[in-house]
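# Observations on the three-dimensional arrangement
Spelled out, the chains give:
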Amino acid sequence: MTDISQIQPDRMVSVREVFGIDSDLKVPAFSERDDHVPEIDEAYRFNPDVTLAILAGFTRDRRVMVQGLHGTGKSTHIEQVAARLNWPCVRVNLDGHISRLDLVGRDTIVLRDGLQVTEFQEGIVPWALQRPVALIFDEYDAGRPDVMFVIQRILERDGKFTLLDQSRVIRPHPYFRLFATSNTVGLGNLSGLYHGTQVLNHAQIDRWNIVATLNYLSRDEEMAIVLARVPAKDNEPGRKLVASMVAVAELTRKGFASGDLSTLMSPRTIISWAENCEIFRNPALAFRLSFLNKCDEAERSIVAEYYQRCFGVELDESWMLTAGAQ
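What counts as what
- Residues numbered from 1 in each chain as written.
- Predicted model: local features only at pLDDT ≥ 70, side-chain atom pairs only at ≥ 80, totals over all residues.
- Heavy atoms only, no water.
- Axes fitted to C-alpha atoms, helices over the stretch in contact; angles between N-to-C directions.
- Helix = DSSP H or I, 4+ residues; strand = E, 2+ residues; numbered from the N terminus.
- Parallel < 35°, antiparallel > 145°, perpendicular 65-115°, else oblique.
- Left-handed = near helix turned anticlockwise from the far one by under 90°.
- Contact = heavy atoms within 4.5 Å.
- Nonpolar A, V, L, I, M, F, W, Y, C, P; charged D, E, K, R; others polar.
- Expected span 1.5 Å × (residues − 1).
- Buried < 20%, exposed > 50% of the residue type's maximum accessible area, 1.4 Å probe, protein only.
- Pairing = 2+ DSSP bridges.

At a minimum axis separation of 12 Å, helix H11 (residues 283-290) and helix H12 (residues 300-311) run at an interaxial angle of 150°. Taken together, H11 and H12 sit at an angle that is classed as roughly antiparallel. When the axes of H11 and H12 are compared, the crossing they make is right-handed. Contacts between H11 and H12 involve Pro-283, Ala-284 and Phe-287 from the former and Val-303, Tyr-307 and Phe-311 from the latter. Here the contact of H11 with H12 is built from residues that sort into 6 nonpolar, no polar and no charged.

Our next topic: helix H3 (residues 74-85). Along its 12 residues, H3 runs 17 Å from first to last C-alpha, staying within 8% of the 16 Å computed at 1.5 Å per residue. For H3, the tally of buried residues reaches 11 of 12 residues, placing the bulk of the element in the interior. Taken as a whole, H3 has its buried residues at Lys-74, Ser-75, His-77, Ile-78, Glu-79, Gln-80, Val-81, Ala-82, Ala-83, Arg-84 and Leu-85. Following H3 by one or two positions, Asn-86 adopts a phi angle in the positive range, close to 55°.

Along the chain, the position of Arg-45 falls in the loop between strand E2 (26-29) and helix H2 (48-60). When its relative accessible area of 30% is taken as the criterion, Arg-45 is described as partly exposed. For the pair Arg-45 and Phe-19, spaced 26 residues apart in the sequence, the C-alpha separation amounts to 9.5 Å. Sequence-distant contacts of Arg-45, defined by excluding residues within four places in its chain, comprise Leu-217, Glu-221, Ala-224 and Ile-225.

Another aspect to go through is the sheet that holds strand E11 (residues 210-213). Strand order in the open sheet made by the 5 strands is E4-E7-E10-E3-E11, with parallel pairing throughout. Of all the strands in the sheet, just strand E4 (89-93) and E11 have a single pairing partner and so form its edges. Averaged over all pairs of adjacent strands, the angle between strand axes in this sheet comes to 20°, irrespective of strand direction. Contacts from H3 reach strand E3 (64-67), E4, strand E7 (134-138) and strand E10 (177-182) within the one sheet, and its direction differs from that of E10 by about 155°.

None of the figures reported here should be taken as evidence of function without further support.
This is the structure we're talking about:
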C-alpha cells in the first residue's frame, strides 16, 4: 500500500455545496485523490440525517455506527461521503474468518540478502491507525468476541493501540477516523433475518459516539437510483415498470414488518430485477429469478399476490392458480 502517513486535509468544503444539505457545516477535505479514495458514484442519494452524522465523524473525530436493514447502502453511504472529501478509506468485513492476527499483525518469514528472517507485519488496524484513513468495520455485529475486544481500545477518541509483540504503543493519527455498519446494533439475531450476528458487549456499544439509522428511501428516490443504475429503463415505459417494481418492494417490506414474510426486497434486489429484465425481457421471469426463488416456499403465494396487485398478472405461484388447479 502507498504510504500516506504524511498527508492531511488541506481545505474546508461546504456541506451545502457538496452534499446539497441545508447546513452551514464546513468539513475538512483533501485536494488530491489517493488510490485509497473510493470512486464517486454520481447516482448515489444521500440521506440528510445519516450524512450529517457521518460528516460529524469526519469533522469532530466521532466514532460513528450506521445501522439498518440490508441493502440500504450503509457502507456505501460512508464510502460516498469519503469519496467527496477525497478521504482515504478502507473497508474490513468482520466475517467469521477475520482473526485477531489479521487485525493486529503477525510475525512472517521474509528473505533479506538471501537469508530467511522473521519480521513483524502490521495488521490493518495499526496500519490505518497511523494514517489519515477512514476505517470501516462492515458487519460489525458479526465479529467474533475475541476480535471485537481488539477494537475496543481504539473506540476511545485518544485510544492508543498497544502492540504486545513489539512492546510498542501506537498513537492515532490526528485524522484517523473509525466507522462501522451493523444490522442489529449488537442485539443478535432477534428476527431470524441475520443469522451469524452476535450479541455485543454493551460497554463496547457504549463507546460509539453516534449511532445513525439508515432506512429505505422514499419511492421517488428509490426509482431515481434504479433508473440511474439501469439507464435503459429511463423512458416512459421503463419508468412505469420501475414504479411497479418499487411498489412490489414496498409491499414486501410491509409484509415483513407485519410478520407475513421472513424476507424482503432491498434496493439492491430491485436493481438486480431491473438488470435481469434487460436480459430476459420478461418482468415476471426476472422477478422469479431475482427475488421469488429466494423466498420460503410457504410464502411465495403471498409474494405472488403482491406482484399481481402491482402488475395485474398472476404468477404460477399465486394461490388463486394453485387453488384452481386443485
